[in-house]
Amino acid sequence: MLLTGWGDANDNSNVHSKDTLEGGRFLNHPGMVTRFTDAIRTETAQLREWGVEFDTDENGKPVVAKIPGHSYARHLHGRNWNGRDLVLPIKQKAIEAGVRFMEKIFVASLIVTDNQICGVTAISKDGKFVAIETKTVVLATGGFGQVFLNTNNAPGITGDGQALAFQAGAALQDMEFVQFYPTALGRRGSRILLYEQILVQEGVVLRNSGGEDILLKNGFHTSADINRDQLARLIIKEILEDTNSNGPVVMDLTQLSEEKANSFSMLIPSQWFKGTKRFQVAPTTHFCMGGVVVDDNGETSCSGLFAAGEVTAGAHGANRLGGNALAEVFSMGGLVGRAAADKALSLDCIAGFDKVAQKERIFFETLFQGQGGQPKRLIKDLKETMWFNAGVVRDKSSLETAAKTLTDQKDIPVSVLTSSDLIQYLEFRNMRIVAEIICRSAIERNESRGAHFRKDFPEENNEEWQKNIRVHKTDAGMTLERVSVAG
Ligand SMILES: Cc1cc2nc3c(=O)[nH]c(=O)nc-3n(C[C@H](O)[C@H](O)[C@H](O)COP(=O)(O)OP(=O)(O)OC[C@H]3O[C@@H](n4cnc5c(N)ncnc54)[C@H](O)[C@@H]3O)c2cc1C
């Protein structure tokens, strides 16, 4: 989360916008950036009013930190450095406002008639089919980190929203840009991150298996000089070149003072306090810059279908700065919710919803059959294919290999025996669509920019590629279009 203008009187939303556009290598939608950077101060105040507790000093003032890519100290975190710091008070506020929650339910399809949304179908955890008639829908299903083998995203973050919107006729954009967090704990990059705030501390060093300081070796004097995508590539390079079985890259905290560690105790692995001072780290899939194309109100090209948050494209361009995800989620979430509510008030329900929903139920029933591979197995193959061929470092040949595997997966029969198999199978279908779009977009963009690094085109090419790639569904599958960055 961010609080602009708090850490320095020279800071304001214009400087924040400039930092964001630079970080996104100028592929962001400038209007969207202005909207969320303008709104963030008010939104942060609103969250505090609703009971969100941010970290404060002894005088009760919010503590802000400067993190890479931001010109000033703006980064603000919850009291316990935890998503719950934000989610629980907001949920409580929503309950008080009369919002009804349906938990543990998987949205399986969007019902669209004549390019107008009229409802959704879903499957509950105990296998019940649910049909919900509605005049507008706001997709807020997050990113698609689970499409890759190594990720710190939660298990349900499988790109369902992007795939459902695409199937409903909405365009996707910037899908080649996936952010890999450079320093996740563990040899394969677990869900636990060793944050930039630790790396910038005095005495903290990233070392390869030969003990060399990786940053110095590559000409960086301080970790504040390097952004997430550059660092992820340096670490992956060391991992790929490593022949030492002791573990390729470690974050060495032996020189970190007890005092500093105590002041960051929420971020430092608890083993540090028991004497372990060196931690293996590796990149992990963290955030998706690409997603559904929306207009100024957050509406997609499918009438009544809105989207907000990580499921959308536009705010972050080719790469996202730390803290900007939540800044955008909270600013745009309110705006899009209000627009969707206003539109719903102006519309009538479309006739025939029940009939289409029942057709969908019958279709899901036809998917139950015992011949073929396990959905779990197909998902594992897909995730490995994406990690090893379309991950931190890619080239035309690896991306084509991945695209071919994904095309072949389309025809593999799948055994669906239980409702949990059905949900996994539907997730797999969504992941396959999203993965194919990532690969096709990444093949098309024959340059390197932001989080997208092509080994065979390592330079940024502004002459040809100051453009977004937009993907549309067609009868033949999909078409890719290069579009000028929105004004
Ligand atoms: C470990 C970690 C640390 C992070 N730290 C920061 C940070 O410090 N600052 C920052 O700005 N950003 C941070 N981010 C990024 C930020 O948390 C996300 O971008 C943000 O939470 C996205 O919010 P969202 O509302 O769009 O989606 P999410 O918060 O991802 O929520 C999406 C929800 O939709 C549900 N869903 C998905 N598909 C379906 C379906 N088919 N049916 C029903 N439900 C579905 C999911 O289960 C999930 O509950 C972090 C991310 C991670 C993973």
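All figures in this text were calculated on a predicted structure; none of them were measured in a lab.

Here is what the cut-offs are and how they apply
- Residues numbered from 1 in each chain as written.
- Predicted model: local features only at pLDDT ≥ 70, side-chain atom pairs only at ≥ 80, totals over all residues.
- Heavy atoms only, no water.
- 1 Å grid on protein atoms, 1.4 Å probe; cavity = no way out; pocket = protein on both sides within 12 Å on 5 of 7 lines; lining within 4 Å.
- Points joined across faces, edges and corners; volume = space filled by probe spheres on them.
- Helix = DSSP H or I, 4+ residues; strand = E, 2+ residues; numbered from the N terminus.
- Nonpolar A, V, L, I, M, F, W, Y, C, P; charged D, E, K, R; others polar.
- Patch = residues over 30% accessible without salt bridge, like charges linked within 9 Å, V, L, I, M, F, W, Y side chains within 5 Å.
- Areas by Shrake-Rupley, 256 points an atom, 1.4 Å probe, with all protein chains shown as cover.
- Salt bridge = Lys/Arg side-chain N within 4 Å of Asp/Glu carboxyl O.
- Polar contact = N/O pair within 3.5 Å; in protein donor to acceptor, adjacent residues only side chain to side chain.
- Contact = heavy atoms within 4.5 Å.
- Pairing = 2+ DSSP bridges.
- Axes fitted to C-alpha atoms, helices over the stretch in contact; angles between N-to-C directions.
- Buried < 20%, exposed > 50% of the residue type's maximum accessible area, 1.4 Å probe, protein only.
- Arc of directions from axis to C-beta.

**Q** Teacher, can you tell me more about the layout of surface pockets here?
**A** Picture a little ball the size of a water molecule; that probe, rolled over the atoms, points out where space is still empty. In this structure, the second largest pocket spans a volume of roughly 720 Å³. Looking at the second largest pocket, it is lined by 32 residues, and the ones nearest its centre are Q167, R429, R432, I433 and K473. The element that contributes the greatest number of residues to the lining of the second largest pocket is helix α13 (residues 419-444), accounting for 8 residues. Residue classes in the lining of the second largest pocket are distributed as 18 nonpolar, 8 polar and 6 charged.

**Q** How do you make sense of a nonpolar patch on the surface when you look at a structure like this?
**A** Together, I95, V99 and F101 make up an exposed nonpolar region whose accessible area comes to about 250 Å². Note on placement: V99 falls in the loop between α3 (84-96) and β1 (105-113).

**Q** Is there a simple way to think about the side chain of R74 in this case?
**A** One can find R74 in the loop between α2 (30-49) and α3. A distance of 2.9 Å separates polar atoms of two side chains, one belonging to R74 and the other to H70. Excluding anything up to four places from it in sequence, R74 contacts M1, L2, L3, T4, D11, V15, H16, D19, V64 and A65.

**Q** Explain the sheet that holds strand β7 (residues 205-208) to me, please; I cannot follow it from the model alone.
**A** The strands that make up a sheet are held in pairs by hydrogen bonds between backbone atoms, and each pair lies either parallel or antiparallel. Taken together, 4 strands build an open sheet; the order of strands is β6-β9-β8-β7 and the sheet is antiparallel. With partners counted over all chains shown, the strands left at the sheet margins are β6 (178-185) and β7, one partner each. Within this sheet the neighbouring strands show an average axis-to-axis angle of 40°, counted without direction. Bridge count for β7 against strand β8 (residues 249-252) is 4 bridges, and the pairing is antiparallel. Across the sheet, the residue bridging to V205 is D252, located in β8. Against the sheet, helix α7 (residues 228-241) engages β6, β7, β8 and β9 (278-288), with an angle of about 60° to β6.

**Q** Is there a simple way to think about the sheet that holds strand β10 (residues 291-292) in this case?
**A** Strand order in the open sheet formed by 4 strands is β10-β5-β12-β13, and the pairing between neighbours is antiparallel. Of all the strands in the sheet, just β10 and β13 (477-484) have a single pairing partner and so form its edges. By the bridge criterion, 2 bridges tie strand β5 (residues 172-173) to strand β12 (residues 467-474) in an arrangement that is antiparallel. By the bridge assignment for β12, L172 is matched with V471.

**Q** Sorry, what's going on with empty space enclosed by the protein here?
**A** This structure, assessed with the given rule, holds 4 cavities of 30 Å³ or more. As a volume, the largest cavity reaches approximately 70 Å³. Around the largest cavity, the lining residues are P68, P182, E196, L199, V200, S223, I226, N227, R228 and L231. Those elements that place two or more of their residues in the lining of the largest cavity are α5 (196-199) and α7. Residues of the lining of the largest cavity, tallied by class, amount to 6 nonpolar, 2 polar and 2 charged. If you add up the space inside the second largest cavity, you get close to 50 Å³. Put simply, the parts of the chain that give the lining of the second largest cavity at least two residues each are β6 and α7. Its residues assigned to classes, the lining of the second largest cavity comprises 5 nonpolar, 1 polar and 2 charged.

**Q** In this structure, what is going on with helix α1 (residues 13-23)? I would like to understand it.
**A** Helical geometry: 3.6 residues make up each α-helical turn, so side chains three or four residues apart lie on a common side. Residues H16, S17, D19, T20 and G23 constitute the buried set of α1. In a view along the axis of α1, the buried residues occupy a sector of 165°, so they form one face of it. Turned more than 90 degrees away from the buried face of α1 sit N14 and K18, all of them exposed. Residues of α1 that are buried sit in contact with α2 and α9 (324-346). One side-chain oxygen of the residue at the start of α1 lies 2.9 Å from the amide nitrogen of N14, identifying that residue as N12. Immediately beyond the C-terminal end of α1, within one or two residues, lies R25, with a positive phi of roughly 50°.

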